[in-house]
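Structural characterization, general
These are the residues of each chain, in order.
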Amino acid sequence: MLSYYPRSFLKLLLVGFTLVALPLVVALITSAIAVDRLANRSQTAVYLAVQATQSSRRLSELLTAMERSARQIVILNDRSLLDPYKISRSQFQETATQFAALPFDAGQRADLDAIVATEQQIFDALANPTLKPATLQAQVSRFVELANRAQAIMTKSGQLIDREVEAMRGTADQTQRIMLWQALALIPVMIFLVAGFTVLITRPIRQIDAAIREIGDGKFNSPVVVNGPEDLEYLGGRLEWMRRSLLDLEQQKNRFLQQISHELKTPLSALREGAQLLSDNVVGRLTPEQREIAQILRHNSIELQQRIEELLNYGSLQFHKLKLELGPVSPRQVLENIAQGQKLALQAKNLTLRTQSAETALIADAEKIRVVLDNLLSNAIKFSPEGGTISINMNCDSGHLTVDVVDQGPGIGAADRLRIFEPFYQGRIEGSGPVKGSGLGLSIVKEYVVAHGGMVEVIATPGARGAHLRVQLPLGQVEAA
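Here's a quick rundown of the structure. Note that the structure is a prediction, hence the values are computed from the model and not measured. (Residues numbered from 1 in each chain as written. Predicted model: local features only at pLDDT ≥ 70, side-chain atom pairs only at ≥ 80, totals over all residues. Heavy atoms only, no water.)

1. Some thoughts on the overall build of the chain
- Along the chain, the regular secondary structure elements total twelve helices and seven strands.
- When burial is assessed residue by residue, the chain has 37% of its 481 residues classed as buried.
- For the chain, the proportion of contacts with a sequence separation of at least 24, taken over those separated by at least 6, is 74%.
- With the model as given, the accessible surface of the chain reaches about 27,600 Å², and the carbon-plus-sulfur share is 57%. (Helix = DSSP H or I, 4+ residues; strand = E, 2+ residues; numbered from the N terminus. Buried < 20%, exposed > 50% of the residue type's maximum accessible area, 1.4 Å probe, protein only. Contact = heavy atoms within 4.5 Å. Areas by Shrake-Rupley, 256 points an atom, 1.4 Å probe, with all protein chains shown as cover.)

2. Re the packing of helix H2 (residues 82–100) against helix H3 (residues 106–127)
- Packing of H2 against H3 leaves a shortest axis separation of 11 Å and a crossing angle of 160 degrees. Comparing their axes, H3 and H2 come out roughly antiparallel. In the crossing of H2 with H3, the sense of the turn from one axis to the other is left-handed. Each of Leu82, Tyr85, Lys86, Arg89, Phe92, Ala96, Phe99 and Ala100 in H2 lies in contact with H3, whose residues at this interface are Arg109, Leu112, Ile115, Val116, Glu119, Gln120, Ile122, Phe123, Leu126 and Ala127.
- Residues belonging to the contact of H2 with H3 are distributed by class as follows: 13 nonpolar, one polar and four charged. (Axes fitted to C-alpha atoms, helices over the stretch in contact; angles between N-to-C directions. Parallel < 35°, antiparallel > 145°, perpendicular 65-115°, else oblique. Left-handed = near helix turned anticlockwise from the far one by under 90°. Nonpolar A, V, L, I, M, F, W, Y, C, P; charged D, E, K, R; others polar.)

3. Focus: the sheet that holds strand S5 (residues 400–406)
- Here we have five strands laid out as an open sheet, ordered S2-S4-S5-S7-S6, and mixed in their pairing. Here the strands that pair on one side only, and so sit at the sheet edges, are strand S2 (352–356) and strand S6 (455–458). Pairwise comparison of adjacent strand axes, ignoring direction, gives a mean angle of 15 degrees for this sheet.
- The pairing of S5 with strand S7 (residues 468–474) spans seven bridges and is antiparallel. For Leu401, the partnering residue across the bridge sits in S7 and is Leu473.
- Contacting S2, strand S4 (389–397), S5 and S7, helix H10 (residues 366–383) runs over the sheet at an angle of about 145 degrees to S4. (Pairing = 2+ DSSP bridges.)

4. Regarding the nonpolar core
- Ranked by size, the top nonpolar core spans 40 residues in total, and within it Leu376, Ile390 and Val403 carry the most contacts.
- Among the elements that line this core, the one with the most residues is H10, at eight residues.
- The contact partners of Val403, leaving out residues within four places of it in the chain, are Leu373, Ile392, Asn393, Met394, Leu469, Arg470 and Val471.
- One finds Ala70, Leu82, Ala96 and Leu102 within the second-largest nonpolar core, a separate group that totals 27 residues. (Core = buried A, V, L, I, M, F, W, Y, C linked by side-chain atoms within 4.5 Å.)

5. Brief notes about the environment of Ala70
- Along the chain, Ala70 turns up in helix H1 (residues 9–76).
- Taking the relative accessible area as the measure of exposure, Ala70 reaches 0% and is therefore buried.
- Taking the C-alpha atoms as reference points, Ala70 and Leu81, eleven residues apart in sequence, are found 8.3 Å from one another.
- Excluding anything up to four places from it in sequence, Ala70 contacts Tyr85, Leu126, Val140 and Phe143.

6. Concerning the pairing of S7
- Judged from the four bridges that link them, S6 and S7 form a sheet pairing that is antiparallel. Residue pairing across strands places Glu457 opposite Arg470, the latter belonging to S7.

7. Some thoughts on the side chain of Arg243
- Along the chain, the position of Arg243 falls in helix H6 (residues 230–279).
- Among the polar contacts listed, one links the side chain of Arg243 to the side chain of Glu240, at a separation of 2.7 Å.
- Apart from the residues lying within four places of it in its own chain, the contact partners of Arg243 are Ile215, Phe220, Asn221, Ser222, Pro223 and Val224. (Polar contact = N/O pair within 3.5 Å; in protein donor to acceptor, adjacent residues only side chain to side chain.)

8. Notes on unusual backbone geometry
- Non-glycine residue Asn350 carries a positive phi angle of around 55 degrees.
- Looking at Asn350, the relative accessible area reads 55%, which means it is exposed.

9. Observations concerning the pattern of salt bridges
- Inspection of the entire model under this criterion finds ten salt bridges.
- Among the salt bridges present, the one from Arg58 reaches Glu61, with a minimum N-O distance of 3.8 Å. In this pair, Arg58 and Glu61 are both assigned in helix H1, three residues apart and thus about one turn of the helix distant.
- Exposure remark for Glu61: the relative accessible area of 44% places this residue in the partly exposed category.
- Through salt bridges with shared partners, a single network forms among Glu240, Arg243 and Arg244. (Salt bridge = Lys/Arg side-chain N within 4 Å of Asp/Glu carboxyl O.)

10. Some thoughts on the packing of H10 against helix H12 (residues 441–451)
- Running from N to C, H10 and H12 cross one another at 150 degrees; their axes reach a closest spacing of 9 Å. Seen along the crossing, H10 lies across H12 with a hand that is left-handed. Of the residues in H12, those in contact with Lys368, Val371, Val372, Asn375, Leu376 and Asn379 of H10 are Gly441, Leu442, Ile444, Val445, Tyr448 and Val449.
- Class assignment of the residues belonging to the contact of H10 with H12 gives a composition of eight nonpolar, three polar and one charged.

What follows is the structure, encoded as C-alpha coordinates:
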(Lines give C-alpha, C1' and ligand atoms only; values in the text may rest on other atoms or scores of the structure.)
Protein backbone atom coordinates (compact mmCIF):
# COMPACT_ATOMS: atom_id res chain seq x y z
CA MET A 1 0.00 0.00 0.00
CA LEU A 2 1.07 3.62 0.05
CA SER A 3 4.12 4.42 2.17
CA TYR A 4 3.40 8.17 2.03
CA TYR A 5 0.91 9.62 4.46
CA PRO A 6 -0.65 13.11 4.35
CA ARG A 7 0.43 15.51 7.05
CA SER A 8 -2.77 15.16 9.05
CA PHE A 9 -5.33 12.47 9.75
CA LEU A 10 -8.07 14.76 8.37
CA LYS A 11 -6.24 15.05 5.04
CA LEU A 12 -5.87 11.27 4.95
CA LEU A 13 -9.64 10.92 5.38
CA LEU A 14 -10.30 13.51 2.69
CA VAL A 15 -7.90 11.84 0.25
CA GLY A 16 -9.48 8.46 0.99
CA PHE A 17 -13.04 9.69 0.47
CA THR A 18 -12.01 11.54 -2.71
CA LEU A 19 -10.31 8.53 -4.28
CA VAL A 20 -13.17 6.23 -3.29
CA ALA A 21 -15.77 8.65 -4.68
CA LEU A 22 -13.84 9.48 -7.88
CA PRO A 23 -14.65 6.21 -9.74
CA LEU A 24 -18.30 6.62 -8.81
CA VAL A 25 -18.34 10.18 -10.13
CA VAL A 26 -16.66 9.10 -13.37
CA ALA A 27 -19.15 6.26 -13.77
CA LEU A 28 -22.08 8.60 -13.12
CA ILE A 29 -20.80 11.14 -15.66
CA THR A 30 -20.23 8.42 -18.27
CA SER A 31 -23.68 7.00 -17.65
CA ALA A 32 -25.26 10.46 -17.84
CA ILE A 33 -23.54 11.12 -21.18
CA ALA A 34 -24.68 7.75 -22.56
CA VAL A 35 -28.24 8.28 -21.37
CA ASP A 36 -28.28 11.82 -22.77
CA ARG A 37 -27.00 10.53 -26.12
CA LEU A 38 -29.69 7.86 -26.14
CA ALA A 39 -32.36 10.41 -25.26
CA ASN A 40 -31.26 12.77 -28.05
CA ARG A 41 -31.28 9.96 -30.57
CA SER A 42 -34.70 8.85 -29.39
CA GLN A 43 -36.02 12.39 -29.66
CA THR A 44 -34.60 12.78 -33.18
CA ALA A 45 -35.98 9.43 -34.26
CA VAL A 46 -39.42 10.25 -32.94
CA TYR A 47 -39.37 13.66 -34.65
CA LEU A 48 -38.29 12.18 -38.01
CA ALA A 49 -40.86 9.42 -37.73
CA VAL A 50 -43.64 11.91 -37.06
CA GLN A 51 -42.50 14.17 -39.90
CA ALA A 52 -42.21 11.29 -42.34
CA THR A 53 -45.65 9.96 -41.40
CA GLN A 54 -47.32 13.35 -41.60
CA SER A 55 -45.61 14.27 -44.89
CA SER A 56 -46.39 10.96 -46.60
CA ARG A 57 -50.02 11.13 -45.45
CA ARG A 58 -50.24 14.76 -46.62
CA LEU A 59 -48.84 13.79 -50.01
CA SER A 60 -51.51 11.12 -50.39
CA GLU A 61 -54.28 13.55 -49.41
CA LEU A 62 -53.06 16.27 -51.80
CA LEU A 63 -52.67 13.78 -54.65
CA THR A 64 -56.25 12.67 -54.07
CA ALA A 65 -57.49 16.29 -54.13
CA MET A 66 -55.46 17.04 -57.27
CA GLU A 67 -56.82 13.89 -58.95
CA ARG A 68 -60.39 14.95 -58.15
CA SER A 69 -59.82 18.42 -59.65
CA ALA A 70 -58.15 16.95 -62.74
CA ARG A 71 -60.99 14.53 -63.39
CA GLN A 72 -63.53 17.32 -63.05
CA ILE A 73 -61.61 19.29 -65.70
CA VAL A 74 -61.57 16.26 -68.02
CA ILE A 75 -65.23 15.39 -67.49
CA LEU A 76 -66.57 18.97 -67.75
CA ASN A 77 -63.93 20.05 -70.24
CA ASP A 78 -63.73 23.31 -68.31
CA ARG A 79 -60.22 24.78 -68.01
CA SER A 80 -61.45 27.35 -65.50
CA LEU A 81 -61.47 24.58 -62.86
CA LEU A 82 -57.66 24.53 -63.02
CA ASP A 83 -57.39 27.11 -60.20
CA PRO A 84 -58.37 24.68 -57.36
CA TYR A 85 -55.89 22.24 -58.85
CA LYS A 86 -53.17 24.91 -58.71
CA ILE A 87 -53.89 25.58 -55.05
CA SER A 88 -53.60 21.89 -54.17
CA ARG A 89 -50.52 21.62 -56.41
CA SER A 90 -48.82 24.51 -54.55
CA GLN A 91 -49.39 22.71 -51.23
CA PHE A 92 -48.20 19.49 -52.84
CA GLN A 93 -44.93 21.04 -53.93
CA GLU A 94 -44.35 22.58 -50.51
CA THR A 95 -44.99 19.22 -48.80
CA ALA A 96 -42.74 17.42 -51.30
CA THR A 97 -39.94 19.91 -50.58
CA GLN A 98 -40.27 19.35 -46.81
CA PHE A 99 -40.43 15.61 -47.32
CA ALA A 100 -37.31 15.66 -49.49
CA ALA A 101 -35.36 17.24 -46.62
CA LEU A 102 -35.99 14.22 -44.40
CA PRO A 103 -33.29 11.51 -44.19
CA PHE A 104 -34.72 8.45 -46.00
CA ASP A 105 -33.37 5.79 -48.29
CA ALA A 106 -32.80 5.92 -52.04
CA GLY A 107 -36.02 4.01 -52.82
CA GLN A 108 -38.19 6.58 -51.10
CA ARG A 109 -36.31 9.44 -52.74
CA ALA A 110 -36.73 7.80 -56.20
CA ASP A 111 -40.47 7.38 -55.60
CA LEU A 112 -40.77 11.01 -54.49
CA ASP A 113 -38.86 12.26 -57.53
CA ALA A 114 -41.05 10.10 -59.79
CA ILE A 115 -44.22 11.50 -58.17
CA VAL A 116 -43.03 15.09 -58.64
CA ALA A 117 -41.98 14.46 -62.26
CA THR A 118 -45.21 12.67 -63.17
CA GLU A 119 -47.33 15.34 -61.54
CA GLN A 120 -45.44 17.96 -63.56
CA GLN A 121 -46.32 16.11 -66.76
CA ILE A 122 -50.00 15.88 -65.73
CA PHE A 123 -50.07 19.59 -64.92
CA ASP A 124 -48.51 20.47 -68.26
CA ALA A 125 -51.18 18.41 -69.97
CA LEU A 126 -53.96 20.12 -68.02
CA ALA A 127 -52.54 23.53 -68.76
CA ASN A 128 -52.37 22.82 -72.54
CA PRO A 129 -55.75 23.82 -74.10
CA THR A 130 -54.89 22.27 -77.47
CA LEU A 131 -54.39 18.80 -76.04
CA LYS A 132 -56.90 16.25 -77.22
CA PRO A 133 -59.35 14.86 -74.60
CA ALA A 134 -58.09 11.29 -75.07
CA THR A 135 -54.51 12.31 -74.40
CA LEU A 136 -55.61 14.38 -71.42
CA GLN A 137 -57.58 11.43 -70.08
CA ALA A 138 -54.49 9.25 -70.36
CA GLN A 139 -52.42 11.76 -68.40
CA VAL A 140 -55.03 12.08 -65.62
CA SER A 141 -55.23 8.31 -65.26
CA ARG A 142 -51.59 8.37 -64.18
CA PHE A 143 -52.78 9.62 -60.75
CA VAL A 144 -53.36 5.95 -59.94
CA GLU A 145 -49.62 5.38 -60.37
CA LEU A 146 -48.92 8.41 -58.17
CA ALA A 147 -51.25 7.07 -55.46
CA ASN A 148 -49.44 3.74 -55.51
CA ARG A 149 -46.09 5.43 -55.22
CA ALA A 150 -47.38 7.60 -52.33
CA GLN A 151 -48.64 4.45 -50.62
CA ALA A 152 -45.21 2.89 -51.14
CA ILE A 153 -43.59 5.93 -49.52
CA MET A 154 -45.94 5.61 -46.53
CA THR A 155 -45.07 1.93 -46.22
CA LYS A 156 -41.36 2.68 -46.36
CA SER A 157 -41.84 5.47 -43.80
CA GLY A 158 -43.28 2.87 -41.45
CA GLN A 159 -40.28 0.69 -42.15
CA LEU A 160 -38.05 3.68 -41.42
CA ILE A 161 -39.75 4.07 -38.07
CA ASP A 162 -39.22 0.37 -37.37
CA ARG A 163 -35.53 0.72 -38.25
CA GLU A 164 -35.13 3.71 -35.97
CA VAL A 165 -36.85 1.85 -33.14
CA GLU A 166 -34.51 -1.10 -33.68
CA ALA A 167 -31.52 1.23 -33.77
CA MET A 168 -32.66 2.84 -30.51
CA ARG A 169 -33.06 -0.59 -28.97
CA GLY A 170 -29.53 -1.46 -30.03
CA THR A 171 -28.23 1.80 -28.60
CA ALA A 172 -30.09 1.16 -25.35
CA ASP A 173 -28.63 -2.36 -25.15
CA GLN A 174 -25.15 -1.02 -25.83
CA THR A 175 -25.58 1.65 -23.15
CA GLN A 176 -26.81 -0.99 -20.73
CA ARG A 177 -23.79 -3.19 -21.47
CA ILE A 178 -21.43 -0.26 -21.01
CA MET A 179 -23.00 0.59 -17.64
CA LEU A 180 -22.88 -3.08 -16.61
CA TRP A 181 -19.19 -3.38 -17.49
CA GLN A 182 -18.51 -0.13 -15.66
CA ALA A 183 -20.23 -1.51 -12.58
CA LEU A 184 -18.29 -4.78 -12.82
CA ALA A 185 -15.04 -2.86 -13.24
CA LEU A 186 -15.88 -0.53 -10.35
CA ILE A 187 -16.52 -3.33 -7.85
CA PRO A 188 -12.89 -4.56 -7.55
CA VAL A 189 -11.59 -1.00 -7.79
CA MET A 190 -13.88 0.10 -4.96
CA ILE A 191 -13.01 -2.96 -2.88
CA PHE A 192 -9.30 -2.29 -3.39
CA LEU A 193 -9.60 1.39 -2.52
CA VAL A 194 -11.85 0.81 0.49
CA ALA A 195 -9.64 -2.01 1.81
CA GLY A 196 -6.47 -0.01 1.17
CA PHE A 197 -7.63 3.14 2.90
CA THR A 198 -9.19 1.11 5.70
CA VAL A 199 -5.73 -0.34 6.36
CA LEU A 200 -4.08 3.07 6.05
CA ILE A 201 -6.59 4.66 8.43
CA THR A 202 -6.89 1.87 10.98
CA ARG A 203 -3.22 0.80 11.14
CA PRO A 204 -1.98 3.81 13.14
CA ILE A 205 -5.11 3.68 15.29
CA ARG A 206 -4.48 0.00 16.04
CA GLN A 207 -0.85 0.79 16.84
CA ILE A 208 -1.92 3.53 19.25
CA ASP A 209 -4.54 1.25 20.81
CA ALA A 210 -1.99 -1.57 21.26
CA ALA A 211 0.50 0.86 22.81
CA ILE A 212 -2.11 2.22 25.23
CA ARG A 213 -3.13 -1.31 26.21
CA GLU A 214 0.49 -2.34 26.88
CA ILE A 215 1.12 0.78 28.93
CA GLY A 216 -2.14 0.20 30.80
CA ASP A 217 -1.06 -3.39 31.55
CA GLY A 218 2.27 -2.15 32.90
CA LYS A 219 4.34 -3.49 29.99
CA PHE A 220 6.93 -0.81 29.37
CA ASN A 221 9.62 -2.78 27.52
CA SER A 222 8.25 -2.48 23.96
CA PRO A 223 8.81 0.95 22.30
CA VAL A 224 5.80 2.73 20.88
CA VAL A 225 5.97 2.94 17.08
CA VAL A 226 3.16 4.63 15.11
CA ASN A 227 3.30 4.86 11.30
CA GLY A 228 0.79 7.27 9.81
CA PRO A 229 -0.02 10.96 9.43
CA GLU A 230 2.22 13.40 11.26
CA ASP A 231 -0.36 14.24 13.92
CA LEU A 232 -0.81 10.55 14.80
CA GLU A 233 2.96 10.00 14.71
CA TYR A 234 3.27 12.94 17.09
CA LEU A 235 0.71 11.29 19.37
CA GLY A 236 2.73 8.06 19.17
CA GLY A 237 5.83 10.05 20.14
CA ARG A 238 4.06 11.40 23.22
CA LEU A 239 3.02 7.86 24.15
CA GLU A 240 6.64 6.77 23.75
CA TRP A 241 7.72 9.62 26.04
CA MET A 242 5.12 8.55 28.58
CA ARG A 243 6.29 4.92 28.29
CA ARG A 244 9.91 5.90 28.96
CA SER A 245 8.86 8.07 31.89
CA LEU A 246 6.79 5.27 33.41
CA LEU A 247 9.61 2.79 32.80
CA ASP A 248 12.03 5.12 34.58
CA LEU A 249 9.60 5.50 37.48
CA GLU A 250 9.17 1.72 37.62
CA GLN A 251 12.92 1.22 37.73
CA GLN A 252 13.29 3.87 40.43
CA LYS A 253 10.54 2.18 42.44
CA ASN A 254 12.20 -1.21 42.12
CA ARG A 255 15.59 0.20 43.12
CA PHE A 256 13.95 1.84 46.11
CA LEU A 257 12.29 -1.44 47.08
CA GLN A 258 15.56 -3.29 46.83
CA GLN A 259 17.47 -0.71 48.84
CA ILE A 260 14.88 -0.36 51.60
CA SER A 261 14.43 -4.12 51.77
CA HIS A 262 18.14 -4.69 52.20
CA GLU A 263 18.38 -1.93 54.79
CA LEU A 264 15.50 -3.39 56.80
CA LYS A 265 16.66 -6.97 56.55
CA THR A 266 19.78 -6.58 58.70
CA PRO A 267 18.18 -4.96 61.79
CA LEU A 268 15.17 -7.26 61.44
CA SER A 269 17.44 -10.30 61.50
CA ALA A 270 19.03 -8.96 64.70
CA LEU A 271 15.58 -8.43 66.21
CA ARG A 272 14.54 -11.95 65.28
CA GLU A 273 17.72 -13.49 66.72
CA GLY A 274 17.27 -11.49 69.92
CA ALA A 275 13.69 -12.70 70.29
CA GLN A 276 14.90 -16.27 69.65
CA LEU A 277 17.60 -15.93 72.34
CA LEU A 278 15.02 -14.68 74.80
CA SER A 279 12.72 -17.60 73.96
CA ASP A 280 15.62 -20.03 74.48
CA ASN A 281 16.27 -18.66 78.04
CA VAL A 282 19.83 -17.63 77.11
CA VAL A 283 19.67 -14.61 79.45
CA GLY A 284 17.76 -16.48 82.10
CA ARG A 285 14.43 -18.16 82.64
CA LEU A 286 11.45 -16.06 81.56
CA THR A 287 8.14 -15.75 83.25
CA PRO A 288 5.09 -16.89 81.21
CA GLU A 289 4.24 -13.25 80.44
CA GLN A 290 7.80 -12.54 79.29
CA ARG A 291 7.85 -15.70 77.16
CA GLU A 292 4.57 -14.68 75.49
CA ILE A 293 6.03 -11.27 74.66
CA ALA A 294 9.17 -12.88 73.24
CA GLN A 295 7.06 -15.18 71.06
CA ILE A 296 5.02 -12.22 69.82
CA LEU A 297 8.26 -10.42 68.91
CA ARG A 298 9.59 -13.48 67.13
CA HIS A 299 6.32 -14.11 65.26
CA ASN A 300 6.00 -10.52 64.06
CA SER A 301 9.66 -10.39 63.07
CA ILE A 302 9.08 -13.52 60.95
CA GLU A 303 6.10 -11.85 59.27
CA LEU A 304 8.09 -8.70 58.59
CA GLN A 305 10.89 -10.80 57.14
CA GLN A 306 8.40 -12.50 54.83
CA ARG A 307 7.14 -9.11 53.63
CA ILE A 308 10.72 -8.00 52.96
CA GLU A 309 11.46 -11.22 51.09
CA GLU A 310 8.36 -10.61 48.96
CA LEU A 311 9.65 -7.15 48.08
CA LEU A 312 13.06 -8.55 47.19
CA ASN A 313 11.54 -11.32 45.08
CA TYR A 314 9.31 -8.85 43.27
CA GLY A 315 12.23 -6.51 42.59
CA SER A 316 14.25 -9.43 41.28
CA LEU A 317 11.40 -10.41 38.95
CA GLN A 318 11.27 -6.89 37.53
CA PHE A 319 15.01 -6.50 36.93
CA HIS A 320 16.00 -10.00 35.86
CA LYS A 321 14.46 -12.59 33.61
CA LEU A 322 13.01 -15.36 35.73
CA LYS A 323 15.27 -18.44 35.63
CA LEU A 324 14.28 -21.83 36.91
CA GLU A 325 16.69 -24.33 38.46
CA LEU A 326 14.76 -27.48 37.66
CA GLY A 327 15.06 -30.68 39.60
CA PRO A 328 12.94 -33.32 41.29
CA VAL A 329 10.76 -31.85 44.02
CA SER A 330 8.54 -33.63 46.54
CA PRO A 331 5.43 -31.47 47.05
CA ARG A 332 4.54 -33.35 50.24
CA GLN A 333 7.95 -32.71 51.78
CA VAL A 334 7.87 -29.04 50.82
CA LEU A 335 4.40 -28.68 52.36
CA GLU A 336 5.49 -30.37 55.59
CA ASN A 337 8.49 -28.04 55.91
CA ILE A 338 6.29 -24.99 55.28
CA ALA A 339 3.70 -26.16 57.83
CA GLN A 340 6.48 -26.58 60.39
CA GLY A 341 7.78 -23.07 59.66
CA GLN A 342 4.28 -21.59 59.99
CA LYS A 343 3.53 -23.50 63.21
CA LEU A 344 3.94 -20.43 65.39
CA ALA A 345 1.63 -18.34 63.17
CA LEU A 346 -0.98 -21.12 63.25
CA GLN A 347 -0.76 -21.37 67.02
CA ALA A 348 -1.08 -17.59 67.43
CA LYS A 349 -4.57 -17.73 65.90
CA ASN A 350 -5.42 -21.24 67.15
CA LEU A 351 -5.79 -22.47 63.54
CA THR A 352 -6.04 -26.07 62.39
CA LEU A 353 -4.13 -27.07 59.24
CA ARG A 354 -5.43 -30.11 57.37
CA THR A 355 -3.29 -31.43 54.54
CA GLN A 356 -3.78 -34.22 52.03
CA SER A 357 -1.08 -34.81 49.46
CA ALA A 358 -0.25 -37.46 46.90
CA GLU A 359 3.15 -39.13 47.14
CA THR A 360 4.61 -37.92 43.85
CA ALA A 361 7.50 -35.84 42.59
CA LEU A 362 7.58 -33.18 39.92
CA ILE A 363 10.32 -31.50 37.94
CA ALA A 364 10.40 -27.89 39.17
CA ASP A 365 12.43 -25.22 40.94
CA ALA A 366 12.33 -26.30 44.59
CA GLU A 367 12.82 -22.83 46.06
CA LYS A 368 10.12 -21.25 43.92
CA ILE A 369 7.66 -24.06 44.69
CA ARG A 370 8.41 -23.43 48.37
CA VAL A 371 7.67 -19.73 47.92
CA VAL A 372 4.40 -20.52 46.11
CA LEU A 373 3.11 -22.84 48.83
CA ASP A 374 4.41 -20.63 51.64
CA ASN A 375 2.71 -17.54 50.23
CA LEU A 376 -0.56 -19.41 49.75
CA LEU A 377 -0.48 -20.69 53.34
CA SER A 378 0.52 -17.26 54.72
CA ASN A 379 -2.36 -15.68 52.83
CA ALA A 380 -4.80 -18.25 54.25
CA ILE A 381 -3.48 -17.68 57.81
CA LYS A 382 -3.78 -13.93 57.39
CA PHE A 383 -7.47 -14.02 56.48
CA SER A 384 -8.58 -16.97 58.65
CA PRO A 385 -10.63 -16.22 61.77
CA GLU A 386 -9.55 -17.32 65.27
CA GLY A 387 -10.00 -21.06 65.69
CA GLY A 388 -10.60 -21.62 61.97
CA THR A 389 -9.45 -24.43 59.70
CA ILE A 390 -7.19 -24.32 56.63
CA SER A 391 -7.26 -27.18 54.12
CA ILE A 392 -4.50 -27.91 51.60
CA ASN A 393 -5.16 -30.76 49.17
CA MET A 394 -2.73 -32.02 46.52
CA ASN A 395 -3.95 -34.31 43.76
CA CYS A 396 -2.38 -35.64 40.56
CA ASP A 397 -4.54 -35.87 37.46
CA SER A 398 -3.80 -35.87 33.70
CA GLY A 399 -0.14 -35.07 34.15
CA HIS A 400 -0.74 -32.10 36.47
CA LEU A 401 -0.38 -31.46 40.17
CA THR A 402 -3.41 -29.60 41.52
CA VAL A 403 -3.06 -27.74 44.82
CA ASP A 404 -6.26 -26.45 46.48
CA VAL A 405 -5.91 -24.05 49.42
CA VAL A 406 -9.19 -23.35 51.23
CA ASP A 407 -9.69 -21.19 54.32
CA GLN A 408 -12.72 -20.09 56.36
CA GLY A 409 -12.10 -16.37 56.07
CA PRO A 410 -14.29 -13.71 54.45
CA GLY A 411 -13.41 -14.94 50.96
CA ILE A 412 -12.52 -12.99 47.82
CA GLY A 413 -15.18 -10.67 46.42
CA ALA A 414 -16.21 -10.74 42.77
CA ALA A 415 -14.69 -7.28 42.23
CA ASP A 416 -11.31 -8.45 43.60
CA ARG A 417 -10.99 -11.73 41.66
CA LEU A 418 -9.81 -10.12 38.45
CA ARG A 419 -7.08 -8.09 40.17
CA ILE A 420 -6.09 -10.21 43.14
CA PHE A 421 -2.90 -11.38 41.40
CA GLU A 422 -1.74 -7.88 40.42
CA PRO A 423 1.35 -6.47 42.20
CA PHE A 424 0.60 -4.31 45.27
CA TYR A 425 -3.13 -4.84 44.93
CA GLN A 426 -4.91 -4.90 48.30
CA GLY A 427 -8.38 -6.36 48.38
CA ARG A 428 -11.33 -4.59 49.96
CA ILE A 429 -11.15 -6.94 52.94
CA GLU A 430 -8.06 -6.57 55.13
CA GLY A 431 -6.53 -9.50 56.92
CA SER A 432 -5.93 -9.68 60.65
CA GLY A 433 -2.55 -9.27 62.32
CA PRO A 434 -0.26 -6.41 63.35
CA VAL A 435 1.72 -6.48 60.08
CA LYS A 436 -0.12 -5.31 57.00
CA GLY A 437 0.50 -7.26 53.78
CA SER A 438 2.45 -5.84 50.85
CA GLY A 439 0.07 -7.05 48.14
CA LEU A 440 2.92 -9.00 46.49
CA GLY A 441 2.40 -12.52 47.82
CA LEU A 442 -0.19 -13.71 45.29
CA SER A 443 1.50 -11.73 42.49
CA ILE A 444 4.74 -13.66 43.09
CA VAL A 445 2.71 -16.89 43.23
CA LYS A 446 1.34 -16.20 39.78
CA GLU A 447 4.75 -15.26 38.35
CA TYR A 448 6.36 -18.47 39.62
CA VAL A 449 3.46 -20.72 38.64
CA VAL A 450 3.27 -19.29 35.11
CA ALA A 451 7.05 -19.67 34.78
CA HIS A 452 6.55 -23.40 35.39
CA GLY A 453 3.87 -23.57 32.67
CA GLY A 454 1.03 -23.78 35.19
CA MET A 455 -1.87 -21.58 36.21
CA VAL A 456 -3.40 -20.15 39.38
CA GLU A 457 -7.02 -19.11 39.79
CA VAL A 458 -9.70 -18.23 42.29
CA ILE A 459 -12.42 -20.87 42.54
CA ALA A 460 -15.81 -19.31 43.20
CA THR A 461 -18.24 -21.72 44.85
CA PRO A 462 -21.72 -20.25 45.47
CA GLY A 463 -22.69 -20.46 49.13
CA ALA A 464 -19.23 -21.63 50.24
CA ARG A 465 -17.38 -19.84 53.05
CA GLY A 466 -13.84 -18.57 52.72
CA ALA A 467 -11.38 -18.28 49.82
CA HIS A 468 -10.46 -21.14 47.50
CA LEU A 469 -7.22 -20.78 45.49
CA ARG A 470 -6.15 -23.46 43.02
CA VAL A 471 -2.72 -23.99 41.50
CA GLN A 472 -2.07 -26.39 38.62
CA LEU A 473 1.51 -27.40 37.75
CA PRO A 474 2.72 -29.81 35.09
CA LEU A 475 4.38 -32.81 36.69
CA GLY A 476 7.02 -33.28 34.04
CA GLN A 477 8.74 -36.59 34.86
CA VAL A 478 6.64 -38.36 37.50
CA GLU A 479 8.63 -40.44 39.97
CA ALA A 480 7.17 -43.00 42.31
CA ALA A 481 8.19 -42.53 45.93
